Structures are given as C-alpha cells and as structure tokens.
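# What the coordinates show
The lines below spell out each chain.
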Amino acid sequence: MALVTVARPKDVDLAVPPLTPGQPSGLTLRQIADGYSQWVTKDWARACNVEYRAGPSGPSVSLIAEAGKIWTTGDPRWPVALMTKDGPVIKENPSEAEIKAARWAFSAGPWLVRSGKVADIAAEINRCGFSGLMEGTPRERAGIGIRQDGIIVHYAIMSATLHQVASKMLELGCHTAINLDGGGSVGVVDPSGKLLLGYASRQVCCALMFRRILDESPPQDSQPPQPQPKGGEKMIVCIDPGHGGPDPGAVNIVEGLREKDIALAVSLKLAKYLRRAGVTVVLTRDKDTDLAPGLKDDEELAARGAVSNRAKADYFVSIHVDSFGDPEANGSTVHHWPGSVKGKPLAESISRYLAIASGLASRGTKATGYAVLGYADAPAVLVELGFMSNKPDRWALREPSVQDKCALGIAFGILATRA
Ligand SMILES: [Zn+2]
C-alpha cells in the first residue's frame, strides 16, 4: 500500500509541540495533530511523521524549526527542507538566518532526487552518517519532494527499497526529494485520528500538516489491520472544578485571585478539548456555584463524587490550585487515591503531559486520601495546577493562555491512557 499527498506550499505547515532539547516530545503523531486542531485549525487533511529521533520514541536528532524558533539543531550534514517566503527548498547547510526566516524547517535524508535525477543514495548515506536505513530492504518508507512548479509531494509506502522510493519521487515529478524517517515511524493520519498508512504509536517531535490536498492516488490495496489504541470506545470523564460559590478556595486578596475561578476556567477548557477528542464530559459545576447549597463540606464533596457515579464515568478529575505557608513552594502535583490501580497511571500520565504542555514546574504524583477522591467510584485524581501562594505560579495560572496549555496537557494525559 502507498499513499501520495500533493499540496501547495501555502497549505503545508509543520506542527511542533513545545520541545525540550534532549528529551522526547511525550506526544504521538495523533496528539500533535490534535494539538494543531486545537491551536491552529481543525481544517486540515493529513498529518505525517517526518523527523529522525534517537530511538523509536526518543528526542529529535533532526533540525526542527518553526516560526523563527529553532527547537533542535540536528546533524549539520543532513539536507534541510525549508519553507521560505519564496517557496519550499531542500538544501544543505542553510544559515541560521535562513532557518529563522523560514516558516518552518526540518532536516532528514538522505537525498533521493537531486536536480531532477536519482541521487547517489549509498554515497549520501555515507556522507550524512545514516545507519540502520536498510536501504536495499523493502520496508516502510516515506519521502518528501518538490516539483519544478513548487508543489510539495509526500509519498509513503509500506514496503519499498530506498531506490524504489527515489524512482517514485522522480515519477511523481519531483525535481528534488529527500527520505524521511521510515520503518515504524512512517505514519499518516487524518483529522478524525484515522490511520491512513503506517503506524502512530511512537512519540514524535513534529508533524507535517497538509491543510489541503491537490490530488491523490487512491490506495492500491487495503492495509492489513494494525494493532490500534482503543480510541473507538467512548470514554466518559467527570471534571470537578474545585470549590465554587461561597467557597473561593485559596485566594490572593491583594491581586483578586481565587482558586475557584482558575479551577473553573481550566476545567471548561479541559472539557472543550476532551469533547473535541470524542470524550463524553460531565462537570460537577460549570459556573461559579455552590454544588450543594446548605450542605456540610463533606456532603458537598460527596455530591461531587455522586455526579461522577451517576454518569458512570471512567475517570474523575478534580482541578485545584495549591497553597502553602512557604511562598517558594511551587509546581503541579497530581494526587491519586492510595492504592488505586488505575488512578496511579492516570495521575502519572496527567502529571507528565501537564508539565510538558504548561511549561510549569512539576512535583510529580502523590497518593493522598482526599475525601473527594474516595467518593468517586471511578479512578480519581486531584490536580493541583500550581501554588496560589507562589507568585510565579499564580501569575502564570491567571493567564488564559497558560490555563489553556494546562487544559491541553491534562487532556493529553487523560487521552494517552486509552492507548
Ligand atoms: Zn482546592
């Protein structure tokens, strides 16, 4: 099976999640594409893997740059694909200024087609120091090329040698083309998350996003089914924004910041992200109200758990902001019920993605017997986003953009557990 994707340069973006050099992204192709849907546009057609990593799900060893930011530098010998203001080019040794001026750039290789001819692939593998490409063995491959008219061509195939891919790129009209990461890294998904070709289980560091497709060849035969995440099963999540109504939670009176407001804002954004991913969401409150007026604190917490239990939720996620006497204490903590077999991995997943997406410090996870966690039948976690008592934390958490990133991270953390 093979898949050809052809698009105008203006319709091709590189989606790059926040990367820490030397660290894996923490995100799969689907999750990066989902982030693109949430941050940029839902109106796109295909997302593809491109870059090389140290190990299947390791940190990027390719150059990755987007909108003037160079996230990773990569091996200087490798050819670089750049989307310049004059159109796409693939070249060696672009200057830092060229990379920063480009809308996006990434390196891969080796060259497959140069100046309208199939490249000397063996020599290029040597020059660039690639290993493990198994160039003469039929396997999963992908390449990207540029036609004379500036149109971009992506080609992915489940079984071919590098030379066969190079010949195909030439046949597709490419004047210049390079190889992309192959094997289990070949993956093409559509906006519904459907895998069109290859695999999508690895963590990758960016995704090439095709917003519009010019033309395409239909799949030549059907791909045997691959083991897939259980994404089709409908997940139900109960989100519990902490406090509310007469109970403000932790406050900073001088700055007018209240835990209940931040918790609600993040919870509503989280609900939006999860619903977009097909999750059924129930909220214990969706406005600034007392959940159970007149009830004692403990009964109020029980009422929160009851919302989750009535909905037969798969997960209960309570959102809070911490507070402590020491103003230096900072960072997020994700609590789970002690001994909860499913609560612990959920907490770990949320903690990890929350830290990546928000950029805020993380204190990791903790087993804590919070009453509210005990009332929910579902695996339950309580997310402390940061500390109201810590100035950098609360100044970050009051920002809608940071609240959005927190929500995105928590959503990814939840969704990742169904993989
Ligand atoms: Zn609280």
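Just above, that's the structure.
Below is a short write-up of the structure. (Residues numbered from 1 in each chain as written. Predicted model: local features only at pLDDT ≥ 70, side-chain atom pairs only at ≥ 80, totals over all residues. Heavy atoms only, no water.)

## As for the sheet that holds strand β21 (residues 315-322)
- Spatial strand order, β20-β17-β21-β24-β22-β23: six strands in an open sheet with mixed pairing. Each edge of the open sheet is held by one strand with a lone partner, namely β20 (280-283) and β23 (362-367). On average, each strand axis in the sheet is inclined to that of its neighbour by 20°, with strand direction left out of account.
- As paired elements, strand β22 (residues 332-336) and β23 share four bridges and run parallel to each other. Bridging across to β23, Val334 finds its partner in Thr365.
- Against the sheet, helix α6 (residues 297-310) makes contact with β17 (236-241), β20 and β21, and its axis sits at roughly 165° relative to β17, the strand it touches most. (Pairing = 2+ DSSP bridges. Helix = DSSP H or I, 4+ residues; strand = E, 2+ residues; numbered from the N terminus. Axes fitted to C-alpha atoms, helices over the stretch in contact; angles between N-to-C directions. Contact = heavy atoms within 4.5 Å.)

## Details of the sheet that holds strand β2 (residues 12-15)
- Reading across from one edge, β2-β16-β3-β14-β15 is the order of the five strands in this open sheet, with antiparallel pairing throughout. Where the open sheet ends on each side, the last strands, each with one partner, are β2 and β15 (195-198). Ignoring strand direction, the axes of neighbouring strands in this sheet form an average angle of 20°.
- In the packing of helix α1 (residues 29-39) onto the sheet, contacts are made with β2, β3 (46-48), β14 (187-189), β15 and β16 (207-210), and the angle to β14 comes to roughly 40°.

## Some remarks on the pairing of strand β6 (residues 80-84)
- In terms of residue burial, β6 counts as a mostly covered element, since four of its five residues are buried.
- When β6 meets strand β7 (residues 87-91), the two strands line up antiparallel, connected through five bridges. In the sheet register, Met83 faces β7, and the bridge partner there is Pro88.
- In textbook terms, the turn of a hairpin is the stretch between consecutive antiparallel strands, and for β6 and β7 this stretch comprises two residues. (Buried < 20%, exposed > 50% of the residue type's maximum accessible area, 1.4 Å probe, protein only.)

## Looking at the coordination of the zinc ion
- The protein atoms donating to the zinc ion are His243 (NE2), Glu259 (OE) and His320 (ND1), with metal-donor distances spanning 2.0 to 2.2 Å.
- Counting along the primary sequence, the residues that act as donors to the zinc ion give the motif H-x15-E-x60-H. Residue His243 is found in the loop between β17 and β18 (251-252), and its partner Glu259 is found in helix α5 (residues 259-276); the two are separated by 16 residues along the sequence.
- Its relative accessible area of 19% is what places His243 among the buried residues. (Donors = N, O, S within 2.8 Å, 3.2 Å for Na, K, Ca; no water.)

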